[in-house]
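Each chain, letter by letter, is given below.
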Amino acid sequence: MTENNPAILPDDVMPSAMEELFGHPRFVAGMQAFLPAPLFQKILQEKAVIRSVDDFQAKIIHDVMKEIEKSSTTQLTVSGLEQLDPAKQYLFISNHRDIVLDSAFLNTTLFEHGFRTSQIAIGDNLMKHRISELIFRMNKSFVVKRSGSPIELYRYSVLLAEYIRRQIVEQIDSVWIAQREGRAKDGDDRTQTGLLKMLSLGHDGDLKAHFQSLNLVPVAISYEFDPCDLLKAQEFLHKLANPDYKKHFEEDVQHMLLGLTGQKGHIHFHFGKPLHEQLDAFDTLPNAKRQLDLLAALIDQSIHRHYRLHAANEVAYNLLHGTHNYSAGITPETIATLTAYFDHKSAQLKNDTEGLGRAYLLRMYANPLINGLPA
């Protein structure tokens, strides 16, 4: 893959990529510290026979993801896959919570239900270290450029749109892309029309037919707990104090590691019905802007409706609004435990004298509930 080519890593370079990855002492040491000894030894044995991306995902990544699931979640569940055909390819557009795990668990779920794993769109900010670049590229990732001149970004966007469409239309692979650039750190999941505009580049003039050909599937990803909730709230406070604040790559790494190891509770994936007949409404709209706005609304509606809510969402909502309205089955003990959870997190925030960080932390959990009410 060159700088101006979004293609994923070809199989013929996998052996050399494996040799380079496992030649990094820091990577091997980190893996040994992170994984149980039997799994670490198994991976060391398997690495010699990896000859393709599919090998890497099936023989190494799947086992690693099952260990993460076992050690940091209470359960991983899925719904909606019966609406999809394993023989077809789809463009999965989802909300975005975790840098690594959203797409990784999605692929684990697809793999275990007889679907091919999807290619993964990731920002070029995650490719600044050779180890992370190798891991992402060996796991069917391709780059979305976020830096460069306007003309460079436009030209790359055209290539990217054409690449994604080719994967779907030519039945090569499904593709996963987040509904917006970066994570929705406040839990308010909204599809950026700029993303949809990028996906529309190069179409032949019939926008409805173009998006129908992409087999677009909204995916709602729900985490009971966000291991990075405190980091996200602290980042919000940093940006309040300094509007020019930007995370360094090392901070992204911190978020990735905490996301992998931190407790997440129940994770649920819901795969929506492919958006086909709903796009007939494009015919009633006067221009492409209104059509893209409608498409964004359809994606958001599906994600908001199918987000799996938990008691933490209700407790956060009530703490935020000073109310005490709960669903049947949420006990006083649960409310007290979760209130203590939010109090403990809030107490760790630095420079939150006005309580703005605490409010942000609560909104992070309350917003999926708020968005789900009208949906």
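Everything here concerns the structure above.
Residues numbered from 1 in each chain as written. Predicted model: local features only at pLDDT ≥ 70, side-chain atom pairs only at ≥ 80, totals over all residues. Heavy atoms only, no water.

Draft legend 1. Structural detail: the overall build of the protein. Per the secondary structure count, the protein includes 15 helices and 7 strands. Since a compact globule built from 375 residues should have a radius of gyration of about 21 Å, the 21 Å found for the protein is in line with a globular shape. When each of the 375 residues of the protein is scored for burial, the buried share is 53%. For the protein, the share of sequence-separated contacts (at least 6 apart) that also reach a separation of at least 24 residues comes to 76%. Surface summary for the protein: the accessible area is close to 17,200 Å², and the carbon and sulfur share equals 53%. (Helix = DSSP H or I, 4+ residues; strand = E, 2+ residues; numbered from the N terminus. Rg over C-alpha atoms; globule rule 2.2 N^0.38 Å. Buried < 20%, exposed > 50% of the residue type's maximum accessible area, 1.4 Å probe, protein only. Contact = heavy atoms within 4.5 Å. Areas by Shrake-Rupley, 256 points an atom, 1.4 Å probe, with all protein chains shown as cover.)

Draft legend 2. Examining the layout of surface pockets more closely. Of the voids in this model, the largest pocket is the one considered here, and its volume is about 1,300 Å³. Taken together, 44 residues form the lining of the largest pocket, with Gly123, Asn125, Arg146, Glu181 and Gly182 sitting closest to its centre. When contributions to the lining of the largest pocket are tallied by element, the ones reaching two or more residues are strand E3 (119-123), helix H7 (150-169), strand E5 (175-178), helix H8 (193-200), helix H10 (229-241) and helix H11 (249-261). Class assignment of the residues belonging to the lining of the largest pocket gives a composition of 19 nonpolar, 9 polar and 16 charged. Taken as a whole, the second largest pocket holds about 1,100 Å³ of empty space. Together, 33 residues line the second largest pocket, and Phe27, Ile131, Ile135, Leu257 and Leu260 are the ones closest to its centre. Among the secondary structure elements, those contributing two or more residues to the lining of the second largest pocket are helix H2 (25-34), helix H4 (53-72), helix H5 (101-112), E3, helix H6 (130-137) and H11. Of all the elements, H11 adds the most residues to the lining of the second largest pocket, at 7 residues. Of the residues contributing to the lining of the second largest pocket, the split by class is 24 nonpolar, 7 polar and 2 charged. (1 Å grid on protein atoms, 1.4 Å probe; cavity = no way out; pocket = protein on both sides within 12 Å on 5 of 7 lines; lining within 4 Å. Points joined across faces, edges and corners; volume = space filled by probe spheres on them. Nonpolar A, V, L, I, M, F, W, Y, C, P; charged D, E, K, R; others polar.)

Draft legend 3. Molecular detail of the sheet that holds strand E7 (residues 265-271). Overall, mixed pairing links the 7 strands, which are arranged E1-E7-E6-E2-E5-E3-E4 in an open sheet. Taken across any chain shown, the strands that pair with only one partner, and hence form the sheet edges, are strand E1 (73-79) and strand E4 (141-144). When the angles between neighbouring strand axes are averaged without regard to direction, this sheet yields 25°. Where E3 and E5 come together, 2 bridges link them in parallel fashion. (Pairing = 2+ DSSP bridges. Axes fitted to C-alpha atoms, helices over the stretch in contact; angles between N-to-C directions.)

Draft legend 4. Examining empty space enclosed by the protein more closely. This model, assessed by the stated rule, comprises 4 cavities of 30 Å³ or more. In this structure, the largest cavity spans a volume of roughly 90 Å³. Residue lining of the largest cavity: Gln57, Ala58, Ile61, His62, Met65, Ala104, Asn107, Thr108, Phe111, Thr117 and Asn139, and that is the complete set. Of all the elements in the fold, those that place two or more residues in the lining of the largest cavity are H4 and H5.

Draft legend 5. Region of the structure containing the nonpolar core. Within the largest apolar cluster, 87 residues are counted, with the highest numbers of intra-cluster contacts made by Phe92, Phe211 and Phe271. Here phenylalanine 92 is in contact with Leu84, Leu106, Leu110, Ser118, Ser174, Val175, Trp176, Ile177, Val217, Val219 and Phe271, once residues within four sequence places are set aside. The next biggest cluster of nonpolar side chains, apart from the first, holds 19 residues, and it includes Ile335, Phe342, Met364 and Tyr365. (Core = buried A, V, L, I, M, F, W, Y, C linked by side-chain atoms within 4.5 Å.)

Draft legend 6. A look at the environment of isoleucine 68. Considering the arrangement of structural elements, one finds isoleucine 68 in helix H4. A C-alpha to C-alpha distance of 11 Å links isoleucine 68 and proline 36, two positions 32 residues apart in sequence. If we ignore the near neighbours within four places in the chain, the residues touching isoleucine 68 are Phe34, Thr73, Leu101, Phe105, Leu260 and Lys264.

Draft legend 7. Quick look at the packing of aromatic side chains. Within this structure, the stated rule accounts for 8 aromatic pairs. Geometrically, the ring pair formed by phenylalanine 22 and phenylalanine 27 is edge-to-face, given 5.3 Å between the ring centres and 90° between the ring planes. Exposure remark for phenylalanine 22: the relative accessible area of 13% places this residue in the buried category. Classification of phenylalanine 27 as buried rests on a relative accessible area of 15%. For the pair phenylalanine 225 and tyrosine 341, a centre-to-centre distance of 5.2 Å together with 55° between the ring planes defines the contact as tilted. (Phe/Tyr/Trp six-rings, centres within 6.5 Å; stacked < 30°, edge-to-face > 60°.)

Draft legend 8. Spatial organisation of the pairing of E4. As defined by bridge partners, E3 adjoins E4 across 4 bridges and the pair is classed as parallel. Considered in E4, the bridge of isoleucine 122 is made with valine 143. Handedness of the E3-H6-E4 crossover: right-handed. (Right-handed = clockwise from strand over helix to strand, strands pointing away.)

Draft legend 9. Main features of the side chain of aspartate 229. One can find aspartate 229 in helix H10. At 2.6 Å, the side chain of aspartate 229 forms a polar contact with the side chain of tyrosine 341. (Polar contact = N/O pair within 3.5 Å; in protein donor to acceptor, adjacent residues only side chain to side chain.)

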